Amino acid sequence: MPTPTAQIRNFSIIAHIDHGKSTLADRLLEFTGALSQREQKDQFLDSMDLERERGITIKAATVRLSYQAKDGQTYELNLIDTPGHVDFHYEVSRSLAACEGALLVVDASQGVEAQTLANVYMATEHNLAIVPVINKIDLPSADPGNAKRQIEDVIGIDASGAILASAKDGRGIEEILDAVVHQIPPPVGDVGKPLKVLLLDSWYDSYRGVVLLVRVVDGTLRCKQKIRLLAAGRDYEIVSLGAFAPFPKDVDELGPGEVGFLTASIKEVADARVGDTITCASKPCDKPLPGFQPAKPMVFAGIFPTDPARYEDLRDALDKLRLNDGSFSREPEVSAALGFGFRCGFLGLLHMEIVQERLEREYDLDLVTTAPTVRFQVVRRDGSIVELDNPAKFPAEGDIDRIEEPVIGATLHTPPEYVGGLIKLCEERRGTQTGLSYAGERRVIIRYDLPLSEVVFGFYDRMKSISRGYASLDYEPKGYRAADLVRLDLLVNGDRVDSLSAVVHRDTSYIKGRDLCIKMKELIPMQQFEVAIQAAIGSRVIAKTVVKALRKNVTAKCYGGDITRKRKLLEKQKEGKKRMKQVGNVEIPQEAFLAILKVD
Amino acid sequence: MVKEPRETGVVDQARPLGVYVHFPFCRSRCPYCDFAVAVPRDIPHEAYADAVLAELAARAPDYLGKNGPRLASVYFGGGTPGLWRPAALGRVLEGVRQRFRGGPDLEVTVEANPGDLPLATLLDLRRRGANRLSFGAQAFQDRLLRRLGRRHGSAAIAASLAAARRAGFANLCADLMFGLPGQSMPDWRASLAALSDLRPEHITAYALTVEAGTRFGALERAGRLRRPGDGEVADMYATCHETLIAAGYEHYEISSYSLPGRRSTHNSLYWTMGTYLGLGVSAASFLPLAAGGGFRRANPRSLATYLRQVAVGADDPAPELAEYRSTTQLEEEALWLGLRTADGVDRAAHAESYGHDPLALPGREAAARVCADAGWLDITPTRLRLRPAGFLFADEVTVRLWRGAGTDAPQRAQRTERSQRTK
């Protein structure tokens, strides 16, 4: 029997990166008996190696806790973890849509930090009940009174009832669980209505195939049931149903408000898009849950193996990765300079870095990634329109009537003191203001229409540094807008290297061309001949520089005692060479293909 | 830790053997030197000889095999082995000759500093079996010698060579350095001319390498070591080649020149994958096995550690470095070291030793082609050989060959794509 909704609570944890979110989650698991101490490893919820290393959550994770409250009732508490980066803001919004409340964890000695604020903004947008928790009260420097004041002043919620806790020594853990039960409302759902389930996340498991993480809204999920994914428009039969407690445990049914997983012989993660609505195939619900967005890559880049013989390995690796990550796209690409590879689409730059890192690490590939770009619409003089995500493929300048670029509507939430700096940033990034309003005394909402290309490359980091981390960013696509864009080419010894071209705004093209040449000179090592580097727009060269010829590369003395040591030095050189891509007869290091990102 | 193979295999007896003896003592430390060297008030002449002989007794069996390989060379390097009392040095040489079978052409070299050895000492060394001397001349300008921390003046070089000849040494070597702080091209030309006029059988001319752990290294880090740049050093290298060739010397290895027939037997072992047993502080050894593969090791760099371990006497000193190199790994080393020599790599002999032509591995042919196009490498049906101009890029060529793959990238990708479509 599924748990009645009155005994279910779905919540997430909002915390600054080192304010103890993971430790607190581990402590909650331990207190409710979900995890014995022996089973604990640090940060149970961050399962991918990469996530642990970077300290960010890429995939949503969830765990079911069974808690007997002081009123004698046993509650099912679902802790839903959310990704923490703007590239995944859509996934974050879906995770939050599955919760009714959130724990706001603030460090007792450090007070409210920027990241916390940005996440609280998001949670309140989703109407979640916020339960303030002051953590780390065991520290000598703890000042809970000040932390409470900050919560009230900066965030603007009542903190008089904030729970004082220490995830380290276990103080306050029971109070937190009680507050989850009493301060967070139970989910609203109707077991009698047609089945309606929110798809929170999906991933590929080598034993189970594609696994869907779901939150039931109405109706009941049962094993062997025939289900339909509404947006995907496909039917499947449920093979297994379960919950994470925290290890996967099979269950027969999931009722309204419950969170769990299902498998249904789905082949690729791409077939199960986060935010989709799952319903019963025979008796579907009348309309899907709001907020679904099809997977839409925002930035595109070429990925090539440094060793062309490994093209097929790269193809296989991308196919495997796609099983697990439905949000990137890939199609074959041929570059005159780099040979055969793939044009891949990503949600954002972090997503791109993660995919590249996983390819290199998990599949042992050496890759060259070209500078990412957005997808432009080029209107030719004859009126025809082409969509291009690769600067190399742009028509000749004379054939172009105009270039249109994708625009997004951005919403920034920030404390008032950073408004000036953020507006300046948006203006520099060619933005058009569409709104500016106060939401309470401590929070300003700034709205701008911005070219997507100005947002995906470095905007988020700049925004964070200007607002000292306090501002948050959300955005949605807003179509295309004509802009005065030009293709900036890079010539190496007189030949255009297609994979080094970039599309830039005409106003900044000269500065970018010059800076790019300087950067390339730093990055390209000396070769056996002089290497001329030129930046050009059309047939006009706008900047040039020269990498002098290598005059020598030799170990002067090489006698017996030194053989091993000298060999190791050469092996280091060899590793460096592996990360070079031969373009014509010039060796270009991987970083050089991303140099355009470094000039700003 | 890898132990030498008392059970795992036997030495490849077909290769000639060299024995290197390191003498780790100097009168002063030069600011560019990063060898294992101590500067004690009293050199323990006999104690150190005893230690080396003890190590020899412990380790010689691995290098003997059944019949014993042919002993081609004994080399006393350092440090300053010219400071070793001839009697002590002679005891060690005698010990080596008793264990290994040497022919009449056995080369016995002792390194020395100009001005250190009076005629009587030279005669003593000659009588005890040394037949080759190698002098660290370095430069013929006193200001440069002072900068290098050398104790001799330029006049001592000619005097020492003359004294060595009088003592009966018919095979002499002298070292020169270029790319030195404060050294100009005219300085370098003058040194080359002065030395070649003295007609030593062998000249080693090498560019200064600034090592991190030396005084020069510290100065460089502080930005206070002004020395010729890569371009100038390359020009000095070319000048050296032209001058010494014109003077009748053969340029047979990157830094080595000799009169015809007077190449260094000992150093050649290093470049041709010969066997060598290194004794003493920091000495390195290479033991190729008859079955393929081989061991490289190096003794501790600390004198105290070395003496303590040898004094225990039960076994060899624990090596500071010990590694087994597979046939595949040795093949890469053979290619690298072979290319350092003017003879280059003999393709047939290489195939005999390693089972394939040096260009038969994936990507090697293409990489070699790039190096040939750059004017560095000659590819003939029988040999791979650096051109004199290519010597300056020996590491570049090596690394490219090791890495394989390269310029034929797009064509190869096209083939892949086509074969895929036909699938």
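Residues numbered from 1 in each chain as written. Chains lettered and ligands numbered in written order. Predicted model: local features only at pLDDT ≥ 70, side-chain atom pairs only at ≥ 80, totals over all residues. Heavy atoms only, no water.

Caption draft 1: Here's a closer look at the overall build of chain A. Looking only at helices and strands, chain A features 13 helices and 33 strands. For chain A, the proportion of its 600 residues judged to be buried stands at 58%. Summed over all atoms, the accessible surface of chain A reaches about 24500 Å², with 48% contributed by carbon and sulfur. (Helix = DSSP H or I, 4+ residues; strand = E, 2+ residues; numbered from the N terminus. Buried < 20%, exposed > 50% of the residue type's maximum accessible area, 1.4 Å probe, protein only. Areas by Shrake-Rupley, 256 points an atom, 1.4 Å probe, with all protein chains shown as cover.)

Caption draft 2: Summary view of the environment of R343(A). All names here are of chain A. Secondary-structure assignment places R343 in strand β19 (residues 339-346). Residues R343 and F304, spaced 39 residues apart in sequence, show a C-alpha to C-alpha distance of 8.9 Å. Engagement of the side chain of R343 in a polar contact is seen with the backbone oxygen of D389, the distance being 2.6 Å. (Polar contact = N/O pair within 3.5 Å; in protein donor to acceptor, adjacent residues only side chain to side chain.)

Caption draft 3: Structural view of the environment of G280(B). All names here are of chain B. Following the sequence through the fold, G280 ends up in the loop between β9 (275-279) and β10 (284-288). Separated by 256 residues in sequence, G280 and P24 place their C-alpha atoms 8.0 Å apart. In contact with G280, other than residues within four places in its own chain, are H22, Y48, V52, E55, N299 and Y306. (Contact = heavy atoms within 4.5 Å.)

Caption draft 4: Broad picture of the packing of helix α13 (residues 563-578) of chain A against helix α14 (residues 394-403) of chain B. Between α13(A) and α14(B), whose axes approach to 9 Å, the crossing angle comes to 60°. Considering only the axes of α13(A) and α14(B), their crossing is right-handed. Where α13(A) approaches α14(B), its residues R567(A), L570(A), E571(A), Q573(A), K574(A), K577(A) and K578(A) are matched on the opposing element by D395(B), E396(B), T398(B), V399(B), R400(B), W402(B) and R403(B). For the contact of α13(A) with α14(B), the residue count by class is three nonpolar, two polar and nine charged. (Axes fitted to C-alpha atoms, helices over the stretch in contact; angles between N-to-C directions. Left-handed = near helix turned anticlockwise from the far one by under 90°. Nonpolar A, V, L, I, M, F, W, Y, C, P; charged D, E, K, R; others polar.)

Caption draft 5: Spotlight on α14(B). Burial analysis of α14(B) places 10 of its 10 residues in the buried class, which makes it a mostly covered element. Those residues of α14(B) that sit buried are A394(B), D395(B), E396(B), V397(B), T398(B), V399(B), R400(B), L401(B), W402(B) and R403(B).

Caption draft 6: Local environment of the sheet that holds strand β10 (residues 226-229) of chain A. Residues and elements named next belong to chain A. The eight strands are arranged β11-β10-β16-β7-β8-β15-β12-β13 in an open sheet whose pairing can be described as antiparallel. Single-partner strands in this sheet number two, and they are β11 (234-237) and β13 (248-250). Here the strands of the sheet are splayed against their neighbours by 40° on average, with no regard to which way each runs. Sheet analysis places strand β7 (residues 196-205) next to strand β16 (residues 277-280), joined by two bridges and oriented antiparallel. Pairing of L198 across the sheet is with T277, part of β16. (Pairing = 2+ DSSP bridges.)

Caption draft 7: Up close: the pairing of strand β32 (residues 580-583) of chain A. Residue and element names in this part refer to chain A. Along β32, one buried face is formed by M580 and Q582 and the opposite face, lined by K581 and V583, is buried too. Both β32 and strand β33 (residues 586-589) contribute to a ladder of four bridges, which runs antiparallel. Across the sheet, K581 pairs through a bridge with I588, a residue of β33.

Caption draft 8: Representation of the packing of aromatic side chains within the structure. Residue and element names in this part refer to chain B. A full pass over the atoms with the stated rule returns 24 aromatic pairs over all chains. With centroids separated by 6.0 Å and ring planes inclined at 20°, the aromatic side chains of Y20 and Y75 adopt a geometry described as stacked. Here Y75 lies in strand β2 (residues 70-78) and Y20 lies in strand β1 (residues 17-23), a separation of 55 residues in the sequence. Residue classification places Y20 among the buried positions, given a relative accessible area of 15%. Taken together, the ring pairs connect F23, F25, Y48, F76, W84 and Y306 into an aromatic cluster. The ring centre of F169 lies 5.8 Å from the NZ or CZ of R126, which sits over that ring. Between R296 and the ring centre of F286, over which it is positioned, the NZ or CZ distance is 4.2 Å. (Phe/Tyr/Trp six-rings, centres within 6.5 Å; stacked < 30°, edge-to-face > 60°. Lys NZ or Arg CZ within 6 Å of the ring centre and 35° of its normal.)

Caption draft 9: The arrangement of the interface of chain A and chain B in detail. Across the boundary between the two partners, chain A contributes 37 residues, which contact 54 residues of chain B. Surface buried jointly by chain A and chain B totals about 4300 Å² across both partners, of which 58% is contributed by carbon and sulfur atoms. On inspection of chain A and its partner chain B, the count reaches 11 salt bridges. Here R565(A) makes a salt bridge to D34(B), at a shortest N to O gap of 3.6 Å. (Buried area = accessible area lost by both parts, 1.4 Å probe. Salt bridge = Lys/Arg side-chain N within 4 Å of Asp/Glu carboxyl O.)

Caption draft 10: Spotlight on helix α5 (residues 144-155) of chain A. Residues and elements named next belong to chain A. With 12 residues, α5 extends 16 Å between its outermost C-alpha atoms, agreeing within 8% with the 16 Å of an ideal straight helix rising 1.5 Å per residue. A147, I151, V154 and I155 are the residues of α5 that are buried. Seen end-on, α5 carries its buried residues on one side only, within an arc spanning 95°. One or two residues past the end of α5 sits G156, with phi positive at roughly 85°. (Expected span 1.5 Å × (residues − 1). Arc of directions from axis to C-beta.)

Caption draft 11: Main features of the nonpolar core. V19(B), F76(B), W84(B), F100(B), F169(B) and L339(B) are the most contacted members of the largest nonpolar core, which totals 105 residues. Per element, the largest residue contribution to this core is seven residues, and it comes from helix α1 (residues 45-64) of chain B. Once residues lying within four places of it in the same chain are set aside, the contact partners of L339(B) are V345(B), L377(B), L384(B), R385(B), L386(B), F391(B), V397(B) and L401(B). In terms of nonpolar packing, the next biggest core, distinct from the first, is built from 90 residues, V106(A), L314(A), F328(A) and L367(A) among them. (Core = buried A, V, L, I, M, F, W, Y, C linked by side-chain atoms within 4.5 Å.)

Caption draft 12: Structural detail: the pattern of salt bridges. Under the counting rule described, the total for this entry stands at 68 salt bridges over all chains. Here D389(A) makes a salt bridge to R343(A), at a shortest N to O gap of 3.5 Å. A residue pair is termed long-range when its members are at least 10 positions apart, and D389(A) in the loop between β22 (385-388) and β23 (400-414) and R343(A) in strand β19 qualify at 46 residues. Each member of the pair, D389(A) as well as R343(A), carries the same accessibility label: buried. When the shortest N-O distance is used, the salt bridge between E333(B) and R567(A) registers 2.8 Å. Of the two residues, E333(B) is situated in helix α11 (residues 327-339) and R567(A) in helix α13; the pairing between them involves two chains. For E333(B), a relative accessible area of 0% corresponds to the buried category. Here the residues in one salt-bridge network are R567(A), E571(A), R296(B), E323(B), R325(B) and E333(B), joined through shared partners.

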